[in-house]
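Structure at a glance
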Amino acid sequence: MREMYRSYVEMLVSTALDPDMIQALEDTNDELYLPPMRKIDGILNDHKKKVLKRVTLNPTLQEALHTFPQLHAEPGESLVKLRPGGEPYNRKTLSKVKRSVGKPQTSAIEGQDEDLGQEEVVQQCMRNQAWLERLFDSFSDLLAQAQSKCK
């Protein structure tokens, strides 16, 4: 799972540098990045379906789940208010998500004095093991939370 997630992050970092990356991968039926992307997207969609089976959401909030990266619960006296959070994004291009996942990392590297190409920026990001571990740990924690809430 860790290696698959690493490929997924590499694809996200590449998308932060080139918003057309995902569409290009799909157009060429890429065999390196598409399988991990589809597998992780499938895992996330499975968890989302399990959560949606347990709660009734109006169509507007369901659509918000597809366009916002966060969902905040605000407990009330007799019900819980759900509020979408973060910046909305396009699921095909990740045009806003790239800022929260890959953009800070790529911007820091691109801001160095060297004139690096896109591939070198991606490789430098992927060599940052501490950053990758934090991303994977956060991803794993979110999956564990979703699993525990759906039991």
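Counting secondary structure elements, the protein contains eight helices and two strands. The order of α-helices and β-strands along the protein, N terminus first, is α-α-α-α-β-β-α-α-α-α. Split into buried and exposed, the 151 residues of the protein put 31% on the buried side. In the protein, of all internal contacts separated by at least 6 residues, the share reaching a separation of at least 24 is 49%. When the accessible surface of the protein is totalled, it reaches about 9800 Å², and 50% of it is carbon and sulfur.

Per-residue confidence for the protein gives a mean pLDDT of 77; residues scoring 70 or more make up 77%. The secondary-structure element of the protein with the lowest mean pLDDT is helix α5 (residues 97-101), recorded at 47, while helix α2 (residues 21-28) shows the highest, at 90.

Take α2 next. Residues of α2 that are buried include every one of M21, I22 and L25, and no others. Looking straight down α2, one finds that the buried residues subtend no more than 100° of arc, so they occupy a single side. For α2, the secondary structure elements touched by its buried residues are α1 (2-17) and α3 (34-54). Directly beyond the C-terminal end of α2, a positive phi value near 50° is found at N29.

Reading guide: rules and limits
Residues numbered from 1 in each chain as written. Predicted model: local features only at pLDDT ≥ 70, side-chain atom pairs only at ≥ 80, totals over all residues. Heavy atoms only, no water. Helix = DSSP H or I, 4+ residues; strand = E, 2+ residues; numbered from the N terminus. Buried < 20%, exposed > 50% of the residue type's maximum accessible area, 1.4 Å probe, protein only. Contact = heavy atoms within 4.5 Å. Areas by Shrake-Rupley, 256 points an atom, 1.4 Å probe, with all protein chains shown as cover. pLDDT = per-residue confidence, 0-100. Arc of directions from axis to C-beta.

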